[in-house]
Amino acid sequence: MKKIVMAILVMAGISATAQDHNMKGKRGDMKDLTPVQVATLQTKKMTLALDLNESQQAKIKTMLTEDATARKAKMEERKANKEDGKKVLTADEKYAMQNERLDHQIARKEQMKSILSTDQYEKWVKMDSRKKMRGKRKDHGDKRAKRSSKQ
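Residues numbered from 1 in each chain as written. Predicted model: local features only at pLDDT ≥ 70, side-chain atom pairs only at ≥ 80, totals over all residues. Heavy atoms only, no water.

1. Remarks on the overall build of the chain
Within the chain, the secondary structure is distributed over 7 helices and 0 strands. For the chain, the sequential pattern of α-helices and β-strands runs α-α-α-α-α-α-α. In the chain, buried positions account for 15% of the 151 residues. For the chain, the share of sequence-separated contacts (at least 6 apart) that also reach a separation of at least 24 residues comes to 61%. Carbon and sulfur atoms form 57% of the exposed surface of the chain, whose accessible area is close to 12,900 Å². (Helix = DSSP H or I, 4+ residues; strand = E, 2+ residues; numbered from the N terminus. Buried < 20%, exposed > 50% of the residue type's maximum accessible area, 1.4 Å probe, protein only. Contact = heavy atoms within 4.5 Å. Areas by Shrake-Rupley, 256 points an atom, 1.4 Å probe, with all protein chains shown as cover.)

Below, the structure written as structure tokens:
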């Protein structure tokens, strides 16, 4: 009986230490950067993926800098609200936030459509949808199912 209990404890210890406790991923690396640095890195990644020319790079970098600055300001505002004790948003506030976010996404999509060529735009849409799907997959069961199907 002692051996079984000991074996279970050893297995639990091994599985606990094998877990990745730093689940934040790459976002943790980006939080200390300035909005300009974030925009520069994102622009370079897009240049590699979409083969952007110089004028496209400049336009996209400007757009991404504005986005990063606004994102950082909103993050600071949320931190201040959290410290003040305001945790629960009303239904109207949630609606307004989502509406604003969706309006911004629509505007960004239109900007990208005007900056990129049709081939580049199609590739960007595919990249963007994959990125969004990665964020929605919170359940680890999906990853396990993918791994088992690959074998």
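Back to the write-up after that little detour.
2. Comments concerning the packing of aromatic side chains
If you walk through the whole model with that rule in mind, you get 1 aromatic pair. Summarising the aromatic geometry, the rings of Y121 and W124 are spaced 5.9 Å apart at their centres and angled 35° between planes, so their arrangement reads as tilted. Note that Y121 and W124 are positioned in helix α6 (residues 118–136) at a spacing of 3 residues, about one turn of the helix. W124 shares its class with Y121; the two are buried. (Phe/Tyr/Trp six-rings, centres within 6.5 Å; stacked < 30°, edge-to-face > 60°.)

3. Some words on the side chain of T47
Examined against the element boundaries, T47 turns out to sit in helix α3 (residues 35–50). Residue contacts for T47: discarding those within four places in its chain leaves L52 and Q57.

4. Let's talk about the pattern of salt bridges
Tallying each qualifying case throughout the model produces 2 salt bridges. Salt-bridge contacts for D67 lead to R108; the nearest nitrogen and oxygen are separated by 3.5 Å. With D67 in helix α4 (residues 54–84) and R108 in helix α5 (residues 91–115), this residue pair connects regions lying 41 residues apart in the sequence. In this structure D67 comes out as buried when scored by relative accessible area, which is 12%. (Salt bridge = Lys/Arg side-chain N within 4 Å of Asp/Glu carboxyl O.)

5. Observations concerning the packing of α4 against α5
Remark: α4 packs on α5, axes separated minimally by 10 Å, with the N-to-C direction vectors making an angle of 170°. Classed by the angle they form, the pair α4 and α5 counts as roughly antiparallel. On the side of α4, the interface is formed by Q56, K59, I60, M63, L64, D67 and K74, while α5 contributes E100, H104, R108, Q111, M112 and I115. Looking at the contact of α4 with α5, its residues break down into 5 nonpolar, 3 polar and 5 charged. (Axes fitted to C-alpha atoms, helices over the stretch in contact; angles between N-to-C directions. Parallel < 35°, antiparallel > 145°, perpendicular 65-115°, else oblique. Nonpolar A, V, L, I, M, F, W, Y, C, P; charged D, E, K, R; others polar.)

6. Thoughts on α3
An ideal rise of 1.5 Å per residue puts 22 Å on 16 residues; α3 measures up with 22 Å between its terminal C-alpha atoms. Along α3, the positions that sit buried rather than exposed are P35, V38, A39, T43, M46, T47 and L50. (Expected span 1.5 Å × (residues − 1).)

7. What about the packing of α3 against α4?
At a minimum axis distance of 8 Å, the contact between α3 and α4 shows a crossing angle of 140°. With respect to α4, the element α3 is oriented oblique. Seen along the crossing, α3 lies across α4 with a hand that is right-handed. Residues P35, V36, V38, A39, T40, Q42, T43, M46 and T47 of α3 lie in contact with α4, whose contacting residues are Q57, I60, K61, L64, T65, A68, T69, R71 and K72. (Left-handed = near helix turned anticlockwise from the far one by under 90°.)

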